Each structure stands twice: as structure tokens, then as C-alpha cells.
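Examining the three-dimensional arrangement
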Amino acid sequence: MIQQKGGKTMKYDFTTIVDRHGKDAVAVDLPEFFYPYKDGVTLKEGFDLIPMWVADMNFPAVPTIPKAMEERIRHTTYGYFEPRKEYFDCIIQWQKRRNGVEALTPECIGYENGVLGGVVSALRVFCSQGDTVLVHSPTYTGFTNTLKNNGFDIIHSPLVQDEDGIWRMDFEDMERKIKEHKIHAAILCSPHNPTGRVWERWELEKAMEIYKENDVYVISDEIWSDLVLYGNQHIPTQSVSEDAKNRTVALYAPSKTFNLAGMVGSYHIIYNKYIRERVEKESSLCHYNSINLLSMYALMGAYCEEGAEWTDELREVLGENVTYACDFIKAHFPGVKVSRPQGTYMLFLDCTEWCKEHGTTIDEVQAKGYEVGVVWQDGRAFHGPCAIRMNLALPFSRVKEAFDRLAEYVFC
């Protein structure tokens, strides 16, 4: 058993600081990503780097993942193969256990090299190049770049914060823009990245009703679905109605949950046979959208009983980190606003008031953080005009150290 913050004991280790230097980690080994927005910014003497930007985790993987891969590696043939029945069984059982999905069959599951590749394949079925796609803002940069690079236009429907600071969809704005721009495809991020919002069933029902009435097909990115916090429940978009089930391409991956981005591999769930066959055709055209042998075994090692147990402990750790960070910001960073995420391990800080009160810019704020080793991410790329995105998937000791540095050297 491992002792966590506050004396709590856990089965798995979320306290050890893993040295990722020299181990192929973008988060720590690509310095050109550290200071991309201000020339001449250097790390001050006496500070090390705390990676709090790109969305991967700084925890060791659940032991069943390397075990599954190692056992397969020991059989020293790695030739052509087809996904095993166990691969599909693991996904079916995981979706049933975690999300309450019933009657999912292997036919409805398809491999994708990545969620963004799946987004493009689905859009090429739903749209023609030059068509407009509805996306909520703030917006994950991957959507922005992927849509632009593949010839699609974006119309943003901004999320709005209610009196409690909770991000909400603006249904009137969504419907108005769908009609005005003759939109027939939308991307729904659930849970939402970068705000961390976990949508309630009624919200998804309302959104899907709007899409149905306006003949809009939906791509639902649910890659963060396992990392919901504080007792919130992920509701699969396809589950809210029979129509939603048949007009939605849902995309999942174990990569965020189990830190497997470097293994490459995600999957779609598509119930509508007509849509499914066409998405699969689009995905196949590059002749490269094929599952990697070890990626398959990594998923099977993750989507098991021990993986579920590990994920539950991980969510507790992330929830504690998020609570600490948000309480610290409220107590020590007046003028910095943050809505406590209900899922994901990312924070989205609005520094507008702080910058205005202190006569500074978001570039200068970010640079001060970089100088003391807090490697965070410019929120402008996510359509936050004076925002910063922060990754809290680190041991608590590193989260605490980062916020102590910010209090002493940045928001002071």
C-alpha cells in the first residue's frame, strides 16, 4: 500500500516523481515547446522543470499494461495479424462496466489510429470540403488544426458560465448558427476539453434534439470519459435517445486514462450500419489506419478489473489535486478565475482581470511561470483570449511546488 497526501493509503503509486528525461517524452524533452511565445525566456538557476502543459500524465502505468505487452513480446514473432476477440470483449465489458452501455457488439467497434483521425474520417462522410462544422469554444486545439488542415470551416458556439461559474452550452446560439450557416455536422466534446465540463443527461438530450431537428450529424469525442471527478457520471452521447444512437459517431481511447498516447490507438463506436461502413471506408483510404500489435495488448492490459481499480484511485488523486489547485488560486491569486473541472485533469485559467489590474500581458505572465520552471500552455490556442491551460496529472508534491512558485514569483 502507498501512502498518499493526508495519510490516505492506496494500492497504486501516485506519489513517486518519475524522471521522464531521455525517455522520449515531449512534455520534458522538447525545449522549443517550453517557451514558444516569448523570445529570450530562460529557466532561472535553481529551478527544475515541472511539466504542466501537454495532456499526458506523470504517473507510472497500471502494472497490467506492461505485463500484457511483455508477455506478448516474449513470443518472438510479430507478423501480420487481426485484432483478437479478446480486444473487442475488453472494450465491450469496459463500456458496460464504466458507462452502462448494453448490447454493444464487435461489429460496431472500429479501430482508429487516433481520435482526430476518426474525426476526419467521419467528417468526410458527413461533409464536403469547405462545409462548416459547429464546435463549442473554448476549443481543443486538435479540433481547430485538424478541421482547418482538412478543408473544413469552423463556426464556434461559445460556452457561457452561469452564476456558479459552471460552463453551459448556449442552445439558442447553437440553433441560430446551425440555421444561419446551413450546418450539418457538429463536434461534441464530452467531457469537454479544455473546461473540464461533464455534461448532464438533460444537456445532452437538449443538444441532440437540436441536432435532430436540424439534420446535423454528430461526432462525439469521449476520450476523457473515464476521468470524471467528484461523483460526476459520464453519459455516452449515443445513450440519450434512439436517434442520438444512430446519428452519432463516438470516439474513445485508453490513451488519456492510462497515459498511452505514445502507443497510438483509439476506437470508434458506430451503431448506424450505413454510417459505419462509410467511416470505415474513409479510414482505410490512407492504407495506414491499422492497429499496432502492442497497442492492442496495451488496451487489453488496461481494460481489465485491475485497470478499473487503478482508474478509480487515479480519479481520487486527480480530484484532490484539482481541489487543492482551485482553492489555492481562489485564496492567493485574486483576479484569476477558474471553473473547477468536473472531469479531466486540466485547468483553464482566465487571467483577464489579473492582467488588467497589474498592467501586464498574458505573454509576460506565462514567461514568468516558465522562468521558474512551471511549464504551462497558452490558452489563446484554445480560444481563451487571456487564458492558461494547466495539467494537474502529477504527484501532489509537484503540484504544490508549482503553485508555491507561482505565488512567490508570478501572481505576487
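As the structure is a prediction and not an experimental result, all values here were calculated from the model. (Residues numbered from 1 in each chain as written. Predicted model: local features only at pLDDT ≥ 70, side-chain atom pairs only at ≥ 80, totals over all residues. Heavy atoms only, no water.)

**As for the sheet that holds strand β11 (residues 248-252)**
Spatially, 7 strands are ordered β4-β12-β11-β10-β9-β5-β6 in an open sheet, and the strand pairing comes out mixed. Where the open sheet ends on each side, the last strands, each with one partner, are β4 (109-112) and β6 (153-158). Taking each pair of neighbouring strands and ignoring which way they run, the sheet shows an average axis angle of 25 degrees. Against the sheet, helix α4 (residues 85-99) touches β4, β11 and β12 (266-269), its axis set at about 70 degrees to β12. (Pairing = 2+ DSSP bridges. Helix = DSSP H or I, 4+ residues; strand = E, 2+ residues; numbered from the N terminus. Axes fitted to C-alpha atoms, helices over the stretch in contact; angles between N-to-C directions. Contact = heavy atoms within 4.5 Å.)

**Overview of the side chain of Glu 203**
Structurally, Glu 203 can be placed in helix α8 (residues 201-213). Not counting the four nearest positions on each side in its chain, Glu 203 is found in contact with Arg 168, Met 169, Phe 171 and Arg 197.

**Concerning the packing of helix α7 (residues 171-180) against α8**
Closest axis-to-axis distance for the α7/α8 pair is 10 Å, and the angle between their directions is 15 degrees. What the angle tells us is that α7 and α8 run roughly parallel. Relative to α8, the crossing made by α7 is right-handed. Contacts between α7 and α8 involve Phe 171, Met 174, Glu 175 and Ile 178 from the former and Trp 202, Glu 203, Lys 206, Ala 207, Ile 210, Tyr 211 and Glu 213 from the latter. Residue composition of the contact of α7 with α8, by class: 7 nonpolar, no polar and 4 charged. (Parallel < 35°, antiparallel > 145°, perpendicular 65-115°, else oblique. Left-handed = near helix turned anticlockwise from the far one by under 90°. Nonpolar A, V, L, I, M, F, W, Y, C, P; charged D, E, K, R; others polar.)

**Here's the deal with empty space enclosed by the protein**
The gaps left among the atoms become clear once a water-sized probe is rolled over them. Counting across every chain of the model gives 3 cavities of 30 Å³ or more. Estimates place the volume of the largest cavity at around 70 Å³. Around the largest cavity, the lining residues are Tyr 87, Tyr 111, Pro 254, Leu 260, Met 263, Val 264, Gly 265, Ser 266, Ile 291, Ser 295, Ala 298 and Leu 299. Top element by residues in the lining of the largest cavity is helix α12 (residues 293-302). It accounts for 3 residues. Grouping the amino acids of the lining of the largest cavity by side-chain chemistry returns 9 nonpolar, 3 polar and no charged. Within this model, the second largest cavity holds a volume of roughly 50 Å³. What lines the second largest cavity is Val 135, His 136, Pro 138, Thr 139, Tyr 140, Phe 143, Ile 187, Cys 189, His 192 and Asn 193. Sorting the residues of the lining of the second largest cavity by element identifies β5 (132-137) and β9 (185-189) as the ones contributing at least two each. (1 Å grid on protein atoms, 1.4 Å probe; cavity = no way out; pocket = protein on both sides within 12 Å on 5 of 7 lines; lining within 4 Å. Points joined across faces, edges and corners; volume = space filled by probe spheres on them.)

**Here's the deal with the nonpolar core**
With 106 residues, the main nonpolar core has Tyr 87, Leu 347, Trp 376, Met 390, Phe 403 and Phe 411 as its most contacted residues. By residue number, the principal contributor to this core is helix α13 (residues 305-332), which donates 11 residues. In this structure, Ala 207, Met 208, Tyr 211 and Val 216 belong to the second largest nonpolar core, which totals 22 residues. (Core = buried A, V, L, I, M, F, W, Y, C linked by side-chain atoms within 4.5 Å. Buried < 20%, exposed > 50% of the residue type's maximum accessible area, 1.4 Å probe, protein only.)

**Let's talk about the pairing of β4**
Alternating positions in β4 separate into two faces, Ile 109 and Tyr 111 on one and Gly 110 and Glu 112 on the other, with burial throughout. Direction of pairing for β4 relative to β12: antiparallel, over a ladder of 4 bridges. By the bridge assignment for β12, Tyr 111 is matched with Tyr 267.

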